[in-house]
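# Notes for the structure review
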Amino acid sequence: MGNIILTGDRPTGRLHIGHYVGSLKNRVRLQNEGNYDEMYVFIADAQALTDNFDNPDKVRENIKEVALDYLAVGLDPSKCTMFIQSMIPELTELTFYYMNLVTIARLHRNPTVKAEIEQKGFEESIPAGFFTYPVSQTADITAFKANLIPVGDDQLPMIEQAREIVRKFNSIYGDTLVEPEAVLPEDERCYRLVGIDGNAKMSKSLGNCIYLADSEEDIKKKVFSMYTDPNHIKIEDPGKIEGNVVFTYLDIFCKDEDFDKYLPEYKNLDELKAHYQKGGLGDMKIKKFLNSILQDELRPIRERREQYEKNLDEVYRYLQEGTNKAREAAARTLEEVRSAMKINYFE
Ligand code: TRP
């Protein structure tokens with residue numbers, strides 16, 4: 001059997017360059033390599049509601065934003081099926097059956113969920129829906145028999161949970177489901193992008209993101225406000241590379257050609273770093289360089305986004321067509337699941 005690729009995002013905000021290097025870029029690469037039978041990318045609105053159930057407007061608005069971000073980075077509806085999670089009731093159905101195959105103790109051990117519970121201040125009043133979202137995520141993956149899941153490393157515990165449920169299901173009811181595996185970015189430095197303030201994570205709630213939809217002006221402002229080395233005050237001072245956000249981003253985004261184009265007095269990033277560490281290289285210059293690079297990377301994305309923004313009918317049509325197609329695939333798996341579980345009474 002060929003590959004089935006699947007992944008998704010919660011519609012709780014616009015996507016940022018952390019999503020881009022951590023997962024979106026990888027998806028577009030997989031899409032364009034074409035080594036798969038099906039590729040699904042979906043908007044996980046039901047999952048977003050598990051901790052935003054009191055804010056349906058936010059989730060609804062961000063369906064559009066995330067869909068625009070998908071199209072903007074180059075996901076192509078003719079190659080990749082885009083759909084909306086909650087429009088596929090088979091996923092909810094499957095979730096309920098999988099609840100039997102997982103214990104509360106096991107769910108408690110999920111480090112990503114644990115961190116989120118702390119971060120959201122749920123403590124003792126965790127909504128059951130939120131607590132069990134890894135089970136619903138297993139349904140998302142297995143309903144399509146997906147085997148390759150391009151995600152960031154924070155999602156590894158979900159994939160592990162899914163694998164356990166698949167094994168348990170198959171051992172009780174017979175071989176039906178496919179065990180998925182995560183596909184992480186090749187470059188480990190892309191797993192988690194630091195925020196522009198130097199915080200370990202780029203996140204909307206911390207206000208330290210560069211969004212894919214940001215204007216040229218916004219990007220520039222953010223780059224020039226980046227955390228560098230607080231002790232590098234005068235240009236002559238030696239500067240630190242470690243923890244310096246500008247260099248962290250240059251490590252990820254800069255190519256040797258960028259030096260020919262914007263900083264021909266250096267051959268490559270090693271030379272630039274050496275000069276900064278020795279002293280004599282100002283923050284202004286490295287920020288200007290990074291800004292040029294980021295502008296080049298994000299300009300085509302923003303322009304594509306603006307085109308689609310003018311054609312929202314088309315965007316929703318892609319989502320609807322994708323949802324119809326995905327629903328048929330999920331329904332086929334559900335038939336197999338019902339038959340395996342012996343709950344196909346009228347056949
Ligand atoms: N948990 C993912 C996120 O927070 C979204 C998601 C839901 C997902 N279901 C999935 C990702 C299935 C990969 C596969 O962004």
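Source: prediction; values computed, not measured. (Residues numbered from 1 in each chain as written. Predicted model: local features only at pLDDT ≥ 70, side-chain atom pairs only at ≥ 80, totals over all residues. Heavy atoms only, no water.)

### As for the layout of surface pockets
Our working definition: Cavities and pockets are found on a 1 Å grid laid over the protein atoms alone: a cavity is a set of points where a 1.4 Å probe fits but cannot escape, a pocket is an open set with protein on both sides within 12 Å along at least five of seven lines, and a lining residue has an atom within 4 Å of such a point. Grid points are joined across faces, edges and corners, and a volume is the space filled by probe spheres set on the points. Runs of H or I in DSSP of at least four residues are treated as helices and runs of E of at least two as strands, each being numbered from the N terminus. Charged residues are taken to be Asp, Glu, Lys and Arg, nonpolar residues to be Ala, Val, Leu, Ile, Met, Phe, Trp, Tyr, Cys and Pro, and polar residues to be all remaining types, Gly included.
Here the largest pocket is characterised by a volume of approximately 1400 Å³. For the lining of the largest pocket, the secondary-structure elements that each account for two or more residues are β1 (4-9), α1 (17-33), α6 (111-119), α8 (133-142) and β4 (148-150). A per-element tally of the lining of the largest pocket places α1 first, with six residues. Broken down by class, the residue content of the lining of the largest pocket amounts to 14 nonpolar, 18 polar and 14 charged. Of the volumes computed, that of the second largest pocket is approximately 350 Å³. Considering the residues around the second largest pocket, the lining is formed by 15 residues, among which Asp 45, Arg 60, Ile 63, Ile 84 and Met 87 are closest to the centre. Those elements that place two or more of their residues in the lining of the second largest pocket are α2 (45-49), α3 (56-73) and α15 (312-340).

### Quick word on the pairing of strand β3 (residues 81-84)
This is how it is decided: Accessibility here uses a 1.4 Å probe with only protein chains present; expressed as a share of the type maximum, an area under 20% marks a residue as buried, one over 50% as exposed, and anything in between as partly exposed. Strands are labelled as partners when DSSP assigns at least two bridges between them.
The alternating pattern of β3 places Thr 81 and Phe 83 and Met 82 and Ile 84 on opposite faces, both of which are buried. Pairing between strand β2 (residues 38-43) and β3: four bridges, direction parallel. Residue pairing in the sheet places Phe 42 in a bridge with Phe 83 of β3.

### Some remarks on the pattern of salt bridges
Pairing between side chains of opposite charge can happen when their charged atoms approach one another. Rule in force here: One speaks of a salt bridge when a side-chain nitrogen belonging to Lys or Arg is within 4 Å of a carboxyl oxygen belonging to Asp or Glu.
Tallying each qualifying case throughout the model produces 28 salt bridges. A salt bridge links Asp 51 to Lys 120, with the shortest nitrogen-to-oxygen separation between them at 2.7 Å. One end of the pair, Asp 51, is in the loop between α2 and α3; the other, Lys 120, is in the loop between α6 and α7 (128-131), and 69 residues separate them in sequence. What makes Lys 120 partly exposed here is its relative accessible area of 31%.

### Points about the domain arrangement of the protein chain
By convention, interface size is frequently given as the accessible area that disappears when the constituent parts associate. Formally: The split into domains, and so the bounds of each, comes from an automatic or database assignment of domains. We call two residues in contact whenever any of their non-hydrogen atoms come within 4.5 Å of each other. Joining two parts hides part of their accessible area as seen by a 1.4 Å probe, and the buried area is that hidden amount summed over both.
You can read the domains of the protein chain as domain 1 (4-193 + 312-340) and domain 2 (216-305). For domain 1 and domain 2, the distance between their C-alpha centroids amounts to 35 Å. Between domain 1 and domain 2, the contact holds 15 residues from the first and nine residues from the second. Summing the contributions of domain 1 and of domain 2, the shared interface buries around 1100 Å²; its carbon and sulfur component is 64%. Salt-bridge contacts for Lys 25 lead to Glu 297; the nearest nitrogen and oxygen are separated by 3.2 Å. Of all the elements in the fold, those that place two or more residues in the side of domain 1 that touches domain 2 are α1 and α3. Top element by residues in the side of domain 1 that touches domain 2 is α3. It accounts for six residues. Of the residues assigned to the side of domain 1 that touches domain 2, the class counts are nine nonpolar, one polar and five charged.

### Side note on α1
So the rule is basically this: The term bend refers to the angle at a residue between two fitted axes, each drawn through seven residues, those ending there and those starting there.
At Ser 23, α1 is deflected by roughly 45°, the largest bend along its length. When you tally the buried positions in α1, you get 12 out of 17 residues, the bulk of the element. Among all positions in α1, only Ile 17, Gly 18, Tyr 20, Val 21, Gly 22, Ser 23, Leu 24, Asn 26, Arg 27, Val 28, Leu 30 and Gln 31 are buried. Gly 34 lies just past α1 and shows a positive phi near 75°.

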